[in-house]
Amino acid sequence: MASISLSVNGKKETIDVQPDTPLLWVLRDTLGLTGTKYGCGIGACGACNVHMDGEVTRSCATPVLSCDGKSIVTIEGLEQNGHLHPVQEAWIKEDVPQCGYCQPGMIMSATALLKKRRHPTDADINDALSGNLCRCGTYNRVRKAIHLAAKNGGAQ
Ligand code: FES
Ligand code: FES
């Protein structure tokens with residue numbers, strides 16, 4: 001067992017776990033943050049995406065030991081003071097999700113992209129979200145929502 005300290009959505013957490021436990025299971029099972037989804041478990045689908053020190057990170061393929069001292073943001077951490085993130089607002093406006101399973105990971109990729117590029121092109125979006133798989137094929141609406149969020153200050 002190892003004692004790991006990390007910040008999750010701005011809150012300091014210290015947990016005692018096996019050091020090779022994937023961050024995904026610490027988030028979901030230890031901390032109860034079930035917005036981050038398990039898709040493939042092998043770093044291939046993006047359903048488990050979170051931000052680690054601002055970078056998109058596959059939580060299923062990230063041993064929690066490597067998160068010691070890091071700052072993690074999950075889908076639950078995007079809302080600020082009761083207000084949804086502009087990307088989440090745009091998602092609702094464009095009615096993006098179908099089954100919804102891939103969507104938290106998509107949104108985490110989208111928010112990270114908008115921090116780097118305030119007004120991304122379709123090509124930028126395709127590139128940044130190329131590792132996010134959606135079996136329902138919501139890609140067109142995802143692009144529309146990211147453009148709308150960019151217009152509405154989505155880089156916050
Ligand atoms: S569940 Fe992590 S990339 Fe698919
Ligand atoms: S909305 Fe169903 S997998 Fe993407």
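Since the structure is predicted, the reported quantities are computational estimates derived from the model, not experimental observations. (Residues numbered from 1 in each chain as written. Chains lettered and ligands numbered in written order. Predicted model: local features only at pLDDT ≥ 70, side-chain atom pairs only at ≥ 80, totals over all residues. Heavy atoms only, no water.)

J.: Talk me through the overall build of the protein chain; I want residue IDs and the actual numbers.
T.: Each helix and strand counted, the protein chain has 5 helices and 5 strands in total. Taken over C-alpha atoms, the radius of gyration comes to 15 Å for the protein chain, in line with the 15 Å a tight globule of 156 residues would show. With the C-alpha coordinates of the protein chain rotated into their principal frame, the extents come out at 45 × 30 × 25 Å. Expressed as a percentage of its 156 residues, the buried residues of the protein chain come to 46%. Across the protein chain, contacts joining residues at least 24 apart in sequence account for 58% of those joining residues at least 6 apart. On the protein chain, the mean spot of the 16 positive side-chain charges and the mean spot of the 15 negative ones are 6 Å from each other. (Helix = DSSP H or I, 4+ residues; strand = E, 2+ residues; numbered from the N terminus. Rg over C-alpha atoms; globule rule 2.2 N^0.38 Å. Buried < 20%, exposed > 50% of the residue type's maximum accessible area, 1.4 Å probe, protein only. Contact = heavy atoms within 4.5 Å. Lys, Arg positive; Asp, Glu negative; His and termini not counted. Charge placed at Lys NZ, Arg CZ, Asp CG, Glu CD.)

J.: Outline the packing of helix α2 (residues 86–93) against helix α5 (residues 139–151), listing residues and values.
T.: The contact between α2 and α5 brings their axes to 8 Å, and the two run at 130°. Taken together, the axis directions place α2 and α5 in an arrangement best described as oblique. Regarding α2 and α5, the two cross each other, and that crossing is right-handed. Only V142, A145, I146, L148 and A149 of α5 make contact with α2, whose side of the interface consists of P86, V87, A90, W91 and K93. (Axes fitted to C-alpha atoms, helices over the stretch in contact; angles between N-to-C directions. Parallel < 35°, antiparallel > 145°, perpendicular 65-115°, else oblique. Left-handed = near helix turned anticlockwise from the far one by under 90°.)

J.: For the nonpolar core, give the residues involved together with the corresponding values.
T.: Within the largest apolar cluster, 22 residues are counted, with the highest numbers of intra-cluster contacts made by V87, W91, M106, V142 and I146. Elements with a contribution of two residues or more to this core: α2, α3 (103–116) and α5. The contacts of W91, once residues within four sequence positions are left out, are V96, P97, Q103, M106, I107, A110, V142, A145 and I146. (Core = buried A, V, L, I, M, F, W, Y, C linked by side-chain atoms within 4.5 Å.)

J.: An account of the pattern of salt bridges is requested, with residue identities and associated values reported.
T.: A full pass over the atoms with the stated rule returns 4 salt bridges. A salt bridge links K11 to E13, with the nearest nitrogen and oxygen atoms 3.7 Å apart. You can call K11 exposed: its relative accessible area is 52%. By relative accessible area, E13 is classed as buried at 17%. Between K116 and E55 there is a salt bridge, with the nearest N and O atoms lying 3.0 Å from each other. Of this pair, K116 sits in helix α3 while E55 sits in strand β4 (residues 55–58), placing them 61 residues apart in sequence. We classify K116 as exposed; its relative accessible area is 58%. Residue E55 is classed as partly exposed on the basis of its relative accessible area of 41%. (Salt bridge = Lys/Arg side-chain N within 4 Å of Asp/Glu carboxyl O.)

J.: Can you break down α2 residue by residue, with the values?
T.: Listing the buried residues of α2 in full gives P86, V87, Q88, A90 and W91. Buried residues along α2 sit in contact with α3 and α5. Looking one or two places after α2, you find D95, whose phi comes out positive at around 55°.

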